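Here is how the chains run, residue by residue.
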Amino acid sequence: MPRELVSHRDGHVYEFAPEMEPVYEAADGESLTIETIDSLNGAIQTDDDLLDAIPEEVNAATGPIAVEGASPGDVLAVEIEAVRVTEDVGRVLTAPGFGLLQDDPEIEHPATRVTEVDAEGTGSEGGAGESGGGGASGGSVEFEGIDVPIDPVIGTIGVATAEESVSTLTPDDHGGNLDTTDMTAGTTAYFPVFQEGAMLAMGDSKAAMADGEMCGTGAEIGTEIDVTVSVVEDPAVGLDRPLVDTGDAVKTVASAGTLEEAVELANRDVVRLLAHDHGFSRTEAYLFSSLVGGLEISQVVDPQVTARNAIPSEYLAVPF
């Protein structure tokens, strides 16, 4: 059965809000292909194109997509089956007042490097834009004569918020600009549902990006993303923030004003999951998390920072 294509041309958002109008309604369990544009809407095409400031409208997220049957208190599962780059260039750049080293006088702000993308071999079927798997793909991004493997990442992905509107530049409990390298092919992401239909949207993909996203971008690029969406009704464990199952590990994902606050939230979420899975007390789950958990940094450059706590799958099962 062919997948429905939902494109940024059909609709996209620059904020996640409690009230959102869907561009498409998906059935529970439906498989889709989602087409995204690069985070800067094609404005950067050469090294001479500079970003003097972060635009008010950035990280266009294709959607929102309503999922039939999703209600507040449920969990939305998004199986990410493939992420394919659809352009032959990416963009890595700095902007004034943005990035981890934004105050370093020896680093140019703004600066741009357009990266050539060789997507041959991307996915199991071949080149960019064709059907097939994603993740580490055999293609490469060229930076100053150095080849970096293509490993496409969805930078912004989330659902309608509970109360306040949140820019697609900012991550929070609904997801949003998580810039998390685990949001890639072969993983399943879980989101708390705050509004009817969940209202899923995604974009801001990168052909390659390191944990931390230090300069403020990866190799920004357009993509096609194959996903299957499904609703978990009355979950055995409530979900307050995103969760990712990579197959090898279950990772809680949390965003907050400081890294210390983010890792605390991620650890609290892990404690609750471990207590449920093993019948531990909260104290036992906390102690066990210190034996098997692993704190990871997603990004440190957005209005809120994002971290995750990874538990190997042998110690924690997804409760959904």
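Scroll up a little and you will see the structure.
All of the points below concern the structure found in this document.

Rules behind the numbers
- Residue indices begin from 1 for each chain and proceed along its sequence in written order.
- Given that the model is predicted, a residue must reach a pLDDT of at least 70 before its local features are reported, and side-chain atom pairs must reach 80 or more before they are shown or counted; all residues, however, enter totals for whole chains, interfaces and linings.
- Side-chain calculation: all heavy atoms of the structure are included, whereas hydrogens and water are not.
- As defined here, a cavity is a set of points on a 1 Å grid over the protein atoms alone where a 1.4 Å probe fits but cannot get out. A pocket is an open set with protein on both sides within 12 Å along at least five of seven lines, and residues line them when an atom is within 4 Å of a point.
- Grid points are joined across faces, edges and corners, and a volume is the space filled by probe spheres set on the points.
- Counting from the N terminus, the helices are DSSP H or I runs at least four residues long and the strands are E runs at least two residues long.
- Patches here are clusters of residues that have more than 30% relative accessible area and form no salt bridge, with a 9 Å joining cutoff for like charges and a 5 Å cutoff for nonpolar side chains (Val, Leu, Ile, Met, Phe, Trp, Tyr).
- Per-residue accessibility takes into account occlusion by the displayed protein chains alone, with areas from the Shrake-Rupley method and a 1.4 Å probe.
- Here a salt bridge means any side-chain nitrogen of Lys or Arg lying within 4 Å of a carboxyl oxygen belonging to Asp or Glu.
- Residue burial is assigned from relative accessible area. The probe radius is 1.4 Å, only protein chains are included, and a residue is buried under 20% of its type maximum, exposed over 50%, and partly exposed in between.
- When DSSP finds two or more bridges between a pair of strands, those strands are recorded as paired.
- Every angle, taken between N-to-C directions, lies between 0 and 180 degrees, and every axis is a line fitted to C-alpha atoms, over only the stretch in contact when it is a helix.
- Convention used here: angles under 35 degrees read as roughly parallel, angles over 145 as roughly antiparallel, angles from 65 to 115 as roughly perpendicular, and any remaining angle as oblique.
- Working rule for handedness: look at the near helix, and if it is turned counterclockwise from the far one by less than a right angle, call the crossing left-handed; if clockwise, right-handed.
- Only heavy atoms matter for contacts: two residues are in contact if any of them lie within 4.5 Å across the pair.
- Lys, Arg, Asp and Glu make up the charged group, whereas Ala, Val, Leu, Ile, Met, Phe, Trp, Tyr, Cys and Pro make up the nonpolar group; the residues left over, Gly among them, are polar.

### Observations concerning the layout of surface pockets
Phase 1: The volume enclosed by the largest pocket comes to roughly 350 Å³.
Phase 2: The wall of the largest pocket is formed by 16 residues, among which Val92, Leu93, Arg113, Phe143 and Cys215 lie closest to the centre.
Phase 3: Of all the secondary-structure elements, those providing two or more residues to the lining of the largest pocket are strand S8 (89–94), strand S9 (111–118) and strand S10 (140–143).
Phase 4: The leading source of residues in the lining of the largest pocket is S9, at 4 residues.

### Comments concerning a nonpolar patch on the surface
Phase 1: On the surface, a nonpolar cluster with roughly 350 Å² of combined accessible area is contributed by Leu100, Leu101, Ile107 and Met214.
Phase 2: Leu101 gets classed as partly exposed once you look at its relative accessible area, which sits at 48%.

### A short note on the sheet that holds strand S21 (residues 294–299)
Phase 1: If you walk across this open sheet you meet the 9 strands as S1-S5-S18-S7-S16-S19-S20-S22-S21, and the pairing is mixed. If you trace the sheet from one side to the other, it starts and ends with strand S1 (4–7) and S21, each paired once. Adjacent strand axes in the sheet meet at a mean angle of 30°, parallel and antiparallel pairs treated alike.
Phase 2: Summarising the sheet, strand S5 (residues 31–36) and strand S18 (residues 223–232) pair through 6 bridges and their orientation is antiparallel. When the bridges of S18 are listed, Thr36 appears paired with Thr223.

### Side note on the sheet that holds S9
Through backbone hydrogen bonds, the strands of a sheet pair up, either in parallel or in antiparallel fashion.
Phase 1: Read across the sheet, 4 strands follow the order S8-S9-S10-S11 without closing on themselves; strand pairing throughout is antiparallel. With one partner strand each, in any of the chains shown, S8 and strand S11 (146–149) form the two edges of the open sheet. Averaged over all pairs of adjacent strands, the angle between strand axes in this sheet comes to 30°, irrespective of strand direction.
Phase 2: As judged from the 6 bridges shared by S8 and S9, these two strands associate in the antiparallel manner.

### What about the packing of helix H1 (residues 259–278) against helix H2 (residues 282–292)?
Phase 1: At a closest axis distance of 8 Å, the pairing of H1 and H2 adopts a crossing angle of 115°. With respect to H2, the element H1 is oriented roughly perpendicular. Two packed elements cross with a definite hand, and for H1 against H2 that hand is right-handed. Across the interface between the two elements, Asn267, Arg268, Val270, Val271, Leu274, Ala275 and His278 from H1 touch Arg282, Ala285, Tyr286, Phe288 and Ser289 from H2.
Phase 2: Each residue belonging to the contact of H1 with H2 can be placed in one class, and the counts come to 7 nonpolar, 3 polar and 2 charged.

### Structural notes on the pairing of S18
Phase 1: Burial analysis of S18 places 9 of its 10 residues in the buried class, which makes it a mostly covered element.
Phase 2: Two elements, strand S7 (residues 75–85) and S18, share 10 bridges in a ladder whose sense is antiparallel. Its bridge partner being in S18, Leu76 is matched across the sheet by Val231.

### Brief notes about empty space enclosed by the protein
Phase 1: Under the counting rule described, the total for this entry stands at 2 cavities of 30 Å³ or more.
Phase 2: What the largest cavity holds in volume is close to 140 Å³.
Phase 3: Forming the boundary of the largest cavity are 18 residues, of which Val58, Asn59, Phe98, Gly216 and Thr217 lie nearest the centre.
Phase 4: When the residues that make up the lining of the largest cavity are grouped by side-chain class, the tally is 7 nonpolar, 5 polar and 6 charged.
Phase 5: By volume, the second largest cavity amounts to about 50 Å³.
Phase 6: Contributing to the lining of the second largest cavity are Gly238, Leu239, Asp240, Arg241, Leu243, Thr252, Asp269, Arg272 and Leu273.
Phase 7: For the lining of the second largest cavity, the element with the most residues is H1, which contributes 3 residues.
Phase 8: Residues belonging to the lining of the second largest cavity are distributed by class as follows: 3 nonpolar, 2 polar and 4 charged.

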